[in-house]
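Listed below are the residues making up each chain.
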There are 6 protein chains.
Amino acid sequence: MSMNNLGIVKRNIARADRAAVDQLANYGVATIHEAMGRVGLLKPYMRPIYAGAQLCGSAVTVLLHPGDNWMLHVAAEQLAEGDVIVAACSADCEDGFFGELLATSFRARGGKGLVIDGGVRDVRDLTAMRFPVFSRAISAKGTVKAALGSVNVPVVCAGAVVNPGDVVVADDDGVVVVPRAIAQQVADAARAREDNEAEKRKRLAAGELGLDMYGMRETLAKAGLKYLE
Amino acid sequence: MSMNNLGIVKRNIARADRAAVDQLANYGVATIHEAMGRVGLLKPYMRPIYAGAQLCGSAVTVLLHPGDNWMLHVAAEQLAEGDVIVAACSADCEDGFFGELLATSFRARGGKGLVIDGGVRDVRDLTAMRFPVFSRAISAKGTVKAALGSVNVPVVCAGAVVNPGDVVVADDDGVVVVPRAIAQQVADAARAREDNEAEKRKRLAAGELGLDMYGMRETLAKAGLKYLE
Amino acid sequence: MSMNNLGIVKRNIARADRAAVDQLANYGVATIHEAMGRVGLLKPYMRPIYAGAQLCGSAVTVLLHPGDNWMLHVAAEQLAEGDVIVAACSADCEDGFFGELLATSFRARGGKGLVIDGGVRDVRDLTAMRFPVFSRAISAKGTVKAALGSVNVPVVCAGAVVNPGDVVVADDDGVVVVPRAIAQQVADAARAREDNEAEKRKRLAAGELGLDMYGMRETLAKAGLKYLE
Amino acid sequence: MSMNNLGIVKRNIARADRAAVDQLANYGVATIHEAMGRVGLLKPYMRPIYAGAQLCGSAVTVLLHPGDNWMLHVAAEQLAEGDVIVAACSADCEDGFFGELLATSFRARGGKGLVIDGGVRDVRDLTAMRFPVFSRAISAKGTVKAALGSVNVPVVCAGAVVNPGDVVVADDDGVVVVPRAIAQQVADAARAREDNEAEKRKRLAAGELGLDMYGMRETLAKAGLKYLE
Amino acid sequence: MSMNNLGIVKRNIARADRAAVDQLANYGVATIHEAMGRVGLLKPYMRPIYAGAQLCGSAVTVLLHPGDNWMLHVAAEQLAEGDVIVAACSADCEDGFFGELLATSFRARGGKGLVIDGGVRDVRDLTAMRFPVFSRAISAKGTVKAALGSVNVPVVCAGAVVNPGDVVVADDDGVVVVPRAIAQQVADAARAREDNEAEKRKRLAAGELGLDMYGMRETLAKAGLKYLE
Amino acid sequence: MSMNNLGIVKRNIARADRAAVDQLANYGVATIHEAMGRVGLLKPYMRPIYAGAQLCGSAVTVLLHPGDNWMLHVAAEQLAEGDVIVAACSADCEDGFFGELLATSFRARGGKGLVIDGGVRDVRDLTAMRFPVFSRAISAKGTVKAALGSVNVPVVCAGAVVNPGDVVVADDDGVVVVPRAIAQQVADAARAREDNEAEKRKRLAAGELGLDMYGMRETLAKAGLKYLE
């Protein structure tokens, strides 16, 4: 039995149903996270490299070592149309693991975007390409290709477990991971939540108070809230 | 005597004169802070959620608890036209206390924007609404409605004391609070400062040096500054 | 022998050849850093105040003290056409040392931009002026003019040594300093690198894998990489 | 009307009753904070400079500017037996504002310790003196004596409002401020809380579960907790 | 299928063999981490609350919510002799979730220590008890008992996946988790590593260079290292 | 001309006079920094691994790469009796570059301690050995031996330039570097400063105020300080 997951590339991974992925792409990260029962978020230090960046796809996971992006090249070969690369690192590192050449390669192989618990560079080019990247840092610092990591093993990325084939959704609010097995269930719950919010939005826009719409007044009074003139 | 300020909503608060607020809206945060004698700034970690966000209005203050946005709903009812919600938290928390539904409600009730020492979400929607928010973080993490805080009590928000009815001004440079009692005085001082700067700007643009315009050469020499070829 | 470098202004500094500077302006920070052998970067906390800011020029260096911008005024007189001001601070400080009046003055005297290991303000105005600034913070907090620093002495700015006359290049990826003596050499190496990348980009865009293009497969196998179905 | 609180020394301040202060000295910071209804804590970045440091006394407040400790000298004259100096700063600064000479002076004038939202130095000497200090940083960096702050005005120190004469208590768990007017009330509540805990401690030490002692089982079941084998 | 792991207590968990746990207790965290192939470490922000704290035991895992320690009480009942409580939180929070009353209860039920990705309090008492705690923060801030988390589900604690029954080892260098299934294998590898180091230590202490002992000179020369006089 | 300083070991370096080094060892970091005119400090994030650690010696400098400690082994051979190793890193990294085996080797070769802008491990052993280390982090994470750095080139360590042969002094207050050429001059200035302080300490201990001893009252009054009853 191996004591770690290093030096492994898993070729055949199960991906979520395309229909579920497509449906999840309609919803924001906040909505999906709520629909799952408030779990699945990556840490909020993960930020888009340009305002408005968005992605939704099946995860091809990568485990990197600090200052080494070798495995991103290995990962490129494992991409299928619509995949998102999710890269974790064995220790905190803000070097620029990724730039526009790799983005060109990923896109050519079907990759839709990148989520990386590390730094990236060539931000101007990536923005011009509209290649969505969510990262913990931006850094021009280059990396080497010397240390074996893995592709398509379970990783902890920015505090969340991501398994290959899980659905990853990201927008200006952050990044959320939806386990493959419940993708459709979550998509349905997200739709229900959105439908429900449309009605609320209309009432709030008309000036109705959440206090009344959600029936909070009694609970607040019981909790002891006091109004003073 | 109560030992804390929890569980209280103050309904009737004195607000600054509308004329003073309107005048303050013409000046930047840096100018107003200078006009007050370099006080009143919130910590610089408070950032706008979109470039160019701006707000100026009377503060309705809110004291929240970590992970709990109940009091924001209570605050909505206390808004008057032109108010700004200023939310502090009893301990550091970057969860997403606020999103577009609450923004819709606040706007419908006269609210002009939000300053919050915590996280917010639905950034894409808030940006599309042009609802100005200044926050310490962006996070999709939702909050509960369970713990009593207060509305319209004095709060410490991002290092600054804010009293209900104080004027809060925010732009790309940060957030400043102007005590209600000196709002007009500060507005006048800000105008004087801006008038003064227009003349300086012209001279500097023409190539005159600050060294000469401000008469610094003698002081620098006395302090011991040495020029080497 | 003086025990520190304080209270000194060096008037005549050697600058890099204009041709080398102009050539370096064509390349990104990541490319130049690679062309130098992966050295010369400032820490990645140095960020542009607006997306797309760029600068390239000879450094006029400034050593400031916390909360004191006196030496920026002294530096204005030392600017030649095309210079970039590089400001370090004797201790970490995020106050707003610099705003649009100083930018107006710097531009009038030939200054092309600012790199400062501290805070700046008037971000809206600076953005409207398209005056490129790379800083560690944005803060409306004003500074005084009381403590002697120096101009055109070697400084450590955001972790990198900058000598007066070195070439400083900055873009969305960060800031890099090129020692004056090797400016042309680095510019040539950057060009060679870019030429080389154009060919690679074409092949990657056509779907060729980096694994094959860079001939990594054998090395990976030797290192023990295993593919699992 | 002055627009800021700078340049002021308030000589005569009301202090809490000595008896209340002495009683509060018996309780830990966590207990006191609970006894006040979970308010009054300074941010947890405030740490003792040596393990086991403790203090309890009436606050003499000081407002400093970054890199400037002039007002600490002014404050020394305002000390009465048993006072604690509480120093805030107009902007974040980690310089070493305080060392063993000032500690010697403070102690000679009756001062019992220091709480400072900034840096201190001479940690070895201060530890040898057993002079308790709670600070945000340790730094050898010296400060100047050039900028007017104030003594005995209300300050915001590490996120909490401290008024002159309030009681400040600090130990390994952090720092808490008890408003002067409720010092006795809080001391009594702290004692009640401690008495209550002694009984609980005995039962828990005997192996009784909090689940039973606090009667949580039913609430947990209602909330939906499920036990799986 | 449930969409999250909340509201669950798993009673019967498999624990590592006692012999393996006892053997692992002999080795430091750095050694164990090396013996596993350099994986399994929690982030280095996890620090002991007193110098010299150490623990080694089987993990009872807890998933908490920010500001809420209810599940720690639930976890107490699930402890067996020699267990270590490993507490994760659904969002970053530095409140004081744990103090000496809970430590008393845990110890009475067989608990040997705590690893918590959050804050703790009563540090003086915990130190006097020699109850080892590794945490991300120290804070006097109390918590509530209102939100359902879980006990003995897989958690991500400070960046590492911990499954119930895994072995957790902690000392001054940090915290490492050893998957249950390989506990004996890792213990053996750790012993081999320590045996090997004893010999090296003797030679290094005698003045032999690592350059020679590890045979590095040739590799360094091939890599291009140049010695200058 | 080489574009970077990588792959170089300088064998013969000039060291400061032993007498000057020995004299500097008598003074604290704060005193030496003042004696140099308030320069030379490393960033305050550099902390001793145990309370009371102290070192003073000539610097053997090392430039490391993230996650790679190869050059520390190379540096061991360059040590002379009384040297201190000063290690910088080409990008921020908190991995554990150094532990007790290297400490054993360094000590055997004359090394007195380590200053490293990175992480270290084996803290318990290093403390037992009383081997003084000042670092930015503690981490059990191991490093590899793969990338060429340099020994005895100028480095930027924690924000300060350190040249080989400079004197490095460290204690609980932090770390300061004294350029070799002025070591004796600084030692003399430090002695003068300490002599001066002894007298001041006596007067302050007797209750004299700094206000009077330093003659500050008039300057304060001129600056506008107001005393209120």
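Residues numbered from 1 in each chain as written. Chains lettered and ligands numbered in written order. Predicted model: local features only at pLDDT ≥ 70, side-chain atom pairs only at ≥ 80, totals over all residues. Heavy atoms only, no water.

Caption draft 1: Structural detail: the overall build of chain A. Looking only at helices and strands, chain A has eight helices and twelve strands in total. With the C-alpha coordinates of chain A rotated into their principal frame, the extents come out at 70 × 40 × 35 Å. Buried positions account for 61% of the 229 residues belonging to chain A. Taking the intrachain contacts of chain A between residues at least 6 apart in sequence as the baseline, contacts between residues at least 24 apart amount to 77%. (Helix = DSSP H or I, 4+ residues; strand = E, 2+ residues; numbered from the N terminus. Buried < 20%, exposed > 50% of the residue type's maximum accessible area, 1.4 Å probe, protein only. Contact = heavy atoms within 4.5 Å.)

Caption draft 2: Molecular detail of the interface of chain B and chain E. At the interface, five residues of chain B touch five residues of chain E. For the chain B and chain E pair, buried surface summed over both sides reaches about 420 Å², with 56% attributable to carbon and sulfur atoms. The three residues of chain B that bury the most area against chain E are B:P66, B:A91 and B:K141, which together make up 59% of that side's buried surface. Here chain B is connected to chain E by zero salt bridges. At the surface where chain B touches chain E, the tally comes to zero residue pairs in polar contact (both at pLDDT 80 or more). Taken together, the residues of the side of chain B that touches chain E sort by class into two nonpolar, one polar and two charged. (Buried area = accessible area lost by both parts, 1.4 Å probe. Salt bridge = Lys/Arg side-chain N within 4 Å of Asp/Glu carboxyl O. Polar contact = N/O pair within 3.5 Å; in protein donor to acceptor, adjacent residues only side chain to side chain. Nonpolar A, V, L, I, M, F, W, Y, C, P; charged D, E, K, R; others polar.)

Caption draft 3: Just the relation of the copies chain B and chain E, in detail. For the match of chain B to chain E, the screw axis carries a shift of 0.0 Å, the RMSD comes to 0.0 Å, and the turn is 180 degrees. Such a turn and shift between the copies fits a two-fold axis. Both copies contact each other with a shared surface, as 100% of the interface residues of chain B are interface residues in chain E too. (Least-squares fit on C-alpha atoms with pLDDT ≥ 70 in both.)

Caption draft 4: Broad picture of the pattern of salt bridges. In the structure shown here, the tally under the stated rule is 107 salt bridges over all chains. Residue C:D172 is joined to A:R124 by a salt bridge in which the shortest nitrogen-to-oxygen separation is 3.6 Å. With C:D172 in the loop between β10 (167-171) and β11 (174-178) and A:R124 in helix α5 (residues 123-129), this residue pair bridges two chains. Take C:D172: its relative accessible area is 8%, and that puts it in the buried class. Among the ionic contacts, a cluster of salt bridges with common partners joins A:E34, A:R38, A:R193, A:E197, A:R201, B:E100 and B:R121.

Caption draft 5: Summary view of the confidence of the model for chain A. On average, residues of chain A carry a pLDDT of 96, and 99% of them reach 70 or more. Scored as a whole, the predicted complex attains pTM 0.96, and scored at its interfaces, ipTM 0.95. (pLDDT = per-residue confidence, 0-100.)

Caption draft 6: Broad picture of the interface of chain A and chain C. Across the contact, 34 residues belong to chain A and 36 residues belong to chain C. Overall, the association of chain A and chain C removes approximately 3,000 Å² of surface from exposure, summing both partners, and the carbon and sulfur fraction of that is 59%. Considering only the surface of chain A that becomes buried against chain C, A:W70, A:L101 and A:R124 emerge as the three largest contributors, covering 19% of it. Viewed at the interface, chain C and chain A are joined by five salt bridges. For C:E34, the salt bridge is made with A:R121, and the minimal N-O distance between the two is 2.9 Å. Among the residues forming the side of chain A that touches chain C, the class breakdown is 13 nonpolar, ten polar and eleven charged. Pairing analysis gives three bridges linking strand β1 (residues 8-10) of chain A to strand β12 (residues 226-228) of chain C, with the strands arranged parallel. (Pairing = 2+ DSSP bridges.)

Caption draft 7: Geometry of the relation of the copies chain A and chain C. Of the transformation superimposing chain A on chain C, the axial component is 0.0 Å and the angular component is 120 degrees, with the fit at an RMSD of 0.0 Å. Within this description, the copies of the chain are treated as partners about a three-fold rotation axis. Residues of chain A ranked by C-alpha distance from the rotation axis are headed by A:A51, positioned 5.7 Å from it.

Caption draft 8: Broad picture of the arrangement of the chains. With no contact between them, chain A and chain D keep their nearest C-alpha atoms 14 Å apart. No part of chain B reaches chain F; the closest C-alpha pair between them is 14 Å apart.

Caption draft 9: Up close: the packing of helix α6 (residues 183-205) of chain B against helix α4 (residues 100-108) of chain C. Where α6(B) meets α4(C), the axes come as close as 8 Å, and the angle between the chain directions of the two elements is 20 degrees. With respect to α4(C), the axis of α6(B) lies roughly parallel. For α6(B) against α4(C), the interelement crossing comes out right-handed. Here B:E197, B:K200, B:R201, B:L204 and B:A205 of α6(B) come into contact with α4(C), specifically with C:E100, C:L101, C:T104, C:S105 and C:A108. Considering only residue class, the contact of α6(B) with α4(C) consists of four nonpolar, two polar and four charged. (Axes fitted to C-alpha atoms, helices over the stretch in contact; angles between N-to-C directions. Parallel < 35°, antiparallel > 145°, perpendicular 65-115°, else oblique. Left-handed = near helix turned anticlockwise from the far one by under 90°.)

Caption draft 10: How the structure looks around helix α4 (residues 100-108) of chain E. Across the nine residues that make up α4(E), a large majority, seven, are buried. Restricting attention to buried positions, one finds in α4(E) the residues E:E100, E:L101, E:L102, E:A103, E:T104, E:S105 and E:F106.

Caption draft 11: Highlighting the pairing of strand β4 (residues 83-89) of chain C. Residues and elements named next belong to chain C. Counting buried positions along β4 gives seven out of seven residues, so the element sits mostly inside the fold. Of the two faces of β4, the one lined by D83, I85, A87 and C89 and the one lined by V84, V86 and A88 are each fully buried. In this sheet, β4 lies alongside strand β3 (residues 55-64) in parallel orientation, the contact comprising seven bridges. Bridge pairing in β4 places L63 opposite A88.

Caption draft 12: The arrangement of unusual backbone geometry in detail. Residue and element names in this part refer to chain A. Here N152, not a glycine, exhibits a phi torsion of approximately 65 degrees, which is positive. Its location among the elements puts N152 in the loop between β7 (150-151) and β8 (155-157). A relative accessible area of 5% places N152 in the buried class.

Caption draft 13: A look at the packing of aromatic side chains. A full pass over the atoms with the stated rule returns twelve aromatic pairs over all chains. An angle of 35 degrees between the planes, with centres 5.6 Å apart, marks the rings of C:F98 and C:F106 as tilted. Judged by relative accessible area, C:F106 falls into the buried class, the value being 0%. An aromatic cluster of at least three residues, connected via ring pairs, comprises A:F98, A:F106 and A:F131. Of note, D:R136 hangs over the ring of D:Y45, and the distance from its end group to the ring centre comes to 4.5 Å. (Phe/Tyr/Trp six-rings, centres within 6.5 Å; stacked < 30°, edge-to-face > 60°. Lys NZ or Arg CZ within 6 Å of the ring centre and 35° of its normal.)

Caption draft 14: Spotlight on the state of the cysteines. All names here are of chain B. Taken as a whole and assessed by the stated rule, the structure comprises zero disulfides over all chains. The thiol of C157 is not disulfide-bonded; the next cysteine sulfur, from C89, is found 10.0 Å away. On the accessibility criterion, C157 (0% relative accessible area) is buried. (Disulfide = S-S within 2.5 Å.)

Caption draft 15: Here's a closer look at helix α6 (residues 183-205) of chain C. Over its 23 residues, α6(C) runs 32 Å from end to end, which matches the ideal 33 Å to within 8%, given 1.5 Å per residue. Those residues of α6(C) lying buried are C:A183, C:V186, C:A187, C:A190, C:E197 and C:L204. (Expected span 1.5 Å × (residues − 1).)

Caption draft 16: Summary view of the environment of B:Q78. All names here are of chain B. Secondary-structure assignment places Q78 in the loop between α3 (70-76) and β4 (83-89). What makes Q78 buried here is its relative accessible area of 9%. Residues Q78 and Y27 lie 51 residues apart in sequence; the distance between their C-alpha atoms is 27 Å.

Caption draft 17: Local environment of the environment of B:N4. Mapped onto the elements, B:N4 comes out in the segment before β1 (8-10). Not counting chain neighbours up to four residues away, the residues in contact with B:N4 comprise D:M36, D:G37 and D:V39.

Caption draft 18: Region of interest: the side chain of E:S135. Residue and element names in this part refer to chain E. Within the secondary structure layout, S135 lies in strand β6 (residues 133-138). Residue classification places S135 among the buried residues on the basis of a relative accessible area of 4%. Within the local environment of S135, its side chain forms a polar contact with the backbone oxygen of A137, the two atoms lying 2.9 Å apart. Beyond its immediate chain neighbours, meaning those up to four positions away, S135 contacts Y45, M46, R47, I49, I116, G118 and V120.

Caption draft 19: Local environment of the pairing of strand β6 (residues 133-138) of chain B. Residue and element names in this part refer to chain B. For β6, the tally of buried residues reaches five of six residues, placing the bulk of the element in the interior. The pairing of strand β2 (residues 47-48) with β6 spans two bridges and is classified as antiparallel. Considered in β6, the bridge of R47 is made with S135. Of the crossover connections in this fold, the one passing from strand β5 (residues 113-120) over helix α5 (residues 123-129) to the parallel β6 is right-handed. (Right-handed = clockwise from strand over helix to strand, strands pointing away.)

Caption draft 20: Local environment of the environment of E:D173. Among the secondary structure elements, E:D173 is positioned in the loop between β10 (167-171) and β11 (174-178). Here E:D173 falls in the buried class, since its relative accessible area comes to 6%. The spatial distance from the C-alpha of E:D173 to the C-alpha of E:Q54 is 9.8 Å, given a sequence separation of 119 residues. Here E:D173 is in contact with E:A30, E:R47, F:R121, F:D122, F:V123, F:I138, F:S139 and F:A140, once residues within four sequence places are set aside. For E:D173, the side chain forms a polar contact with the main-chain nitrogen of F:D122, separated by 2.6 Å. A distance of 2.9 Å separates a polar atom in the side chain of E:D173 from the backbone nitrogen of F:V123.

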